[in-house]
Amino acid sequence: MADIGATVETYWATAQARDWRAFGATLADDVRYELPQTRERVLGRDGVVRFNAEYVGEWSLEVERVVADGEQAVSWVRYSVDEEETQAISFFTASADGRIQTITDFWPTPYEAPSEREHLVERF
């Protein structure tokens, strides 16, 4: 099995580089991505790639820390969009082949999901 910590590092690096092909390669085919604050869920590699590729605004991220143990990892990132900076904690689990199976993103405050993402997500 691949190192989930290294896979998460690659996930963030390829997101920052906007290398969506390499980003998608870090994800299991049936990956599940959840954002508890907005009650959104994205299912499948193509949906998660598209969700990130279509994220609105000029954004940038910097990884502060990734901690991994076996089949799980957590990351702390600093995220800037336009002129605002925030931080996020994300939890990951690995699939049998070491790609990312689940992602749960926690942002510091709840917010309503932007309407332009409705075609990409299901509400939960």
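Just so it is clear, the model here is predicted, and its values are computed rather than measured.

Engineer: Sorry if this is basic, but what is going on with the environment of T86 here?
Structural biologist: Its location among the elements puts T86 in strand β5 (residues 84-94). The spacing of T86 and E62 is 24 residues in sequence and 11 Å in space, taken between C-alpha atoms. Excluding residues within four positions of it along the chain, T86 makes contact with V77, R78, Y79, W107 and P108.

Engineer: Can you walk me through the sheet that holds strand β1 (residues 27-35) in this structure?
Structural biologist: Hydrogen bonds between backbone atoms are what pair the strands of a sheet, whose relative direction is either parallel or antiparallel. On the basis of which strands lie adjacent, the open sheet formed by seven strands has the order β3-β4-β5-β6-β1-β2-β7 and mixed pairing. For this open sheet the edge positions go to β3 (59-69) and β7 (122-123), each flanked by a neighbour on one side alone. Relative to strand β2 (residues 40-43), β1 is paired through four bridges, and the arrangement is antiparallel. Across the sheet, residue R32 finds its bridge partner in β2, namely L43. Sheet strands in contact with helix α1 (residues 4-16) are β1, β3, β4 (72-81), β5 and β6 (100-106), and its direction is about 175° off that of β3.

About the cut-offs
Residues numbered from 1 in each chain as written. Predicted model: local features only at pLDDT ≥ 70, side-chain atom pairs only at ≥ 80, totals over all residues. Heavy atoms only, no water. Helix = DSSP H or I, 4+ residues; strand = E, 2+ residues; numbered from the N terminus. Contact = heavy atoms within 4.5 Å. Pairing = 2+ DSSP bridges. Axes fitted to C-alpha atoms, helices over the stretch in contact; angles between N-to-C directions.

Note that all results are geometric; they support no functional claim without further evidence.
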